[in-house]
Amino acid sequence: MTKAAGRIAGAVLLAFILSGCSGVQSALDPKGPAAGELARLIWFFTVLCTIIWVLVMGVVAGILLRRRQRRLHDPLRVDQDEERTISRVVISAVGATALVLVGLTLLSFFANRTLAGIGEDAVLTIRLTGHQWWWEVRYENAEPNRILTTANEIHIPAGEAVRLLLESDDVIHSFWVPSLHGKLDLVPGMVNTLTLRADRPGIYRGQCAEFCGAQHAHMATLVVAQPRAEFDAWYDEQLKSAVEPSSEEQRTGRDTFLNGPCVMCHRIQGTPAGAITGPDLTHVASRQTIAAGTLRFSRGNLAAWIADPQGIKPGSKMPVMDLDGDQLNAIVAYLESLK
Amino acid sequence: MKTRVLLLMLLCVAIPVAGCEREERNTRPDPALGSSEQGVPVTTLAPGGERPSLSDTKAAEFENNAYHLSEGKRLFDWFNCSGCHANGGGGMGPALMDDKWIYGGSIESIHATIRDGRPNGMPSFRDRIPDDQIWELAAFVRALSGNASKAAAPSRNDDMMAHPSENRLPNATTLGKSP
Ligand SMILES: [Cu+2]
């Protein structure tokens, strides 16, 4: 390979790697105060440690390459001057190391203090429960009729702090939306509290960050930060019962849903389906993804998921069911209308 | 000498690798559609002497499979069997941990009980639970009375336990009797 080709290849590789640093899911592209604090910490640590590494490597190289001095004197004779220089170098290196360590510890302590202070004015409390392999999202409210349950997509008002109570139904999961905050575990039998705040409206992707079984990789979530008015409108819309079917096919779909296995696990508010072991489907068509970020929401993907969840997400807790083509189409038509 | 060391190293790799894939996790029914529709007699009494017992092809596949047993345990909770049978100890429905079976204790009979229901209050889960999941439940119900292999039955719960874990439950048929 010529030198130029090598350089071009290097540049392409670097561009490729760096392109991963921005976008909907990146700790290096912070979109909230917590992530900003963490990104500052990451950069400071990286730069400082790089400088120290280069210095150490430089000294090591210097020692290796130094021309050996011809020593004429007796090796057992101690040269006081040289000894003094050596101990001065060693003591100042140890001192510098201690200083750097204490400095970094203090830095991380103050960053932690800032993070802890972010949530004091939280306007909203969301209970986020991890399930194998999806997220249950429940908006707490003092009025019971305004408590809202949905799945996999967390809407929040932009610019406002939101308190998340993290719980798990089965094994340990971890909630991590890198653009907004540092990761925190969802532990069975215990509640962890996290504050979420997005500075600007936008969609941020999150991912389960603690191995939790076969489909851990397919356990993603979206945080949708919206202006306050838009968020309130979304909330009121989600509180409503599911729309009534408007066509013959949709009506067949609802009846098939209610007569089939679906009612054993899913809830559709406004119908007799009230099970809570699977995601709430009352407004499933208003969501952007299916099965915790595994598929984009579309008619085709919805049909694929219901026909063969075990082909798309092997081991997932939704079984393959005995549906013929007409039943499948009808169910899909009905679910697609649940905006 | 060298070959012996090489063989030893190979053995060290081969033994752990042999432990992989202890059993297949079959999450997709085969065929995907259709369910067992075989009739199961409610009694062993029949005129004309003893007959060969009926056995479903699925029974063996589910009976001592650790994955299916643990899925059965989860579904027992998800589908609220506990609501009527408690954790196997019995409530409004009969106990499932003892050696008494009203409708037979074979996995095929239990499958038929769950699928078709029974007249004194056991609901029919036909069309509500896919067939493979009924087999998983049936296999788990048998584990409640110590009828599943100890190597396959579910072990310790994470929640409070109402009874010893299924792999430590005594076999109800032989309990308290000398062999
Ligand atoms: Cu996970």
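Attention in this report is confined to the structure presented alongside it. (Residues numbered from 1 in each chain as written. Chains lettered and ligands numbered in written order. Predicted model: local features only at pLDDT ≥ 70, side-chain atom pairs only at ≥ 80, totals over all residues. Heavy atoms only, no water.)

1. Focus on the overall build of chain A
To keep it simple, the criterion reads: In DSSP terms, a helix is any run of H or I states spanning at least four residues, a strand is any run of E spanning at least two, and both are numbered starting from the N terminus. The size measure is the radius of gyration over C-alpha atoms, and the globule rule it meets is 2.2 Å times the number of residues to the 0.38 power. Note on classification: 1.4 Å probe, protein chains only; a residue is buried when its accessible area is under 20% of the maximum for its type, exposed when over 50%, partly exposed between these limits.
A tally of helices and strands in chain A yields 8 helices and 12 strands. A compact globule built from 339 residues would reach a C-alpha radius of gyration of about 20 Å, whereas chain A, at 28 Å, exceeds it by more than 25%. The principal-axis extents of the C-alpha atoms in chain A amount to approximately 105 × 55 × 35 Å. Expressed as a percentage of its 339 residues, the buried residues of chain A come to 41%.

2. Observations concerning the nonpolar core
In plain terms, the rule: Buried Ala, Val, Leu, Ile, Met, Phe, Trp, Tyr and Cys residues form a nonpolar core when they are joined through side-chain atoms within 4.5 Å. Should any heavy atoms of two residues lie within 4.5 Å, those residues are counted as being in contact.
Judged by nonpolar contacts, the single largest core of 31 residues is most densely connected at A:Ile126, A:Tyr139, A:Ile154, A:Ile156, A:Phe175, A:Leu196 and A:Val223. Those elements giving two or more residues to this core turn out to be β1 (124–131), β2 (134–139), β4 (153–157), β5 (162–168), β8 (192–196), β9 (202–208), β10 (220–226) and α4 (228–239) of chain A. Not counting the four nearest positions on each side in its chain, A:Tyr139 is found in contact with A:Leu124, A:Thr125, A:Ile126, A:Arg146, A:Ile147, A:Leu148, A:Thr150, A:Ile154, A:His155, A:Phe231, A:Trp234 and A:Tyr235. By size, the runner-up hydrophobic cluster in this structure holds 28 residues, among which are B:Leu75, B:Ile114, B:Ile129 and B:Ala139.

3. Focus on the coordination of the copper ion
Residues and elements named next belong to chain A. The test is simple: Note: metal donors comprise N, O and S atoms at 2.8 Å or less from the metal (3.2 Å for Na, K and Ca); water molecules are not included, so apparent gaps in a site are possible.
The copper ion binds to the protein through Cys208 (SG), Glu210 (O), Cys212 (SG) and His216 (ND1); the donor distances cover 2.0 to 2.6 Å. Here the donor residues of the copper ion share one chain and are spaced in sequence as C-x1-E-x1-C-x3-H. For His216, a relative accessible area of 16% puts it in the buried group.

4. Side note on a negative patch on the surface
Going by this rule: Nonpolar side chains (Val, Leu, Ile, Met, Phe, Trp, Tyr) are joined into patches within 5 Å and like charges within 9 Å, using only residues with over 30% relative accessible area and no salt bridge. What sets the accessible areas is the Shrake-Rupley method with a 1.4 Å probe; for residues, cover comes only from the shown protein chains. Salt bridges are identified by distance alone: a Lys or Arg side-chain nitrogen within 4 Å of an Asp or Glu carboxyl oxygen. His is not counted here, nor are the chain ends, while Lys and Arg score as positive and Asp and Glu score as negative. Note that the charge is assigned to NZ on lysines, CZ on arginines, CG on aspartates and CD on glutamates.
A grouping of A:Glu249, A:Asp322, A:Asp324, A:Asp326 and B:Asp127 is seen on the molecular surface, where their side chains present a negatively charged patch. Residue placement: B:Asp127 occurs in the loop between α5 (107–116) and α6 (131–144).

Limitation: the analysis is restricted to geometry and does not speak to function.
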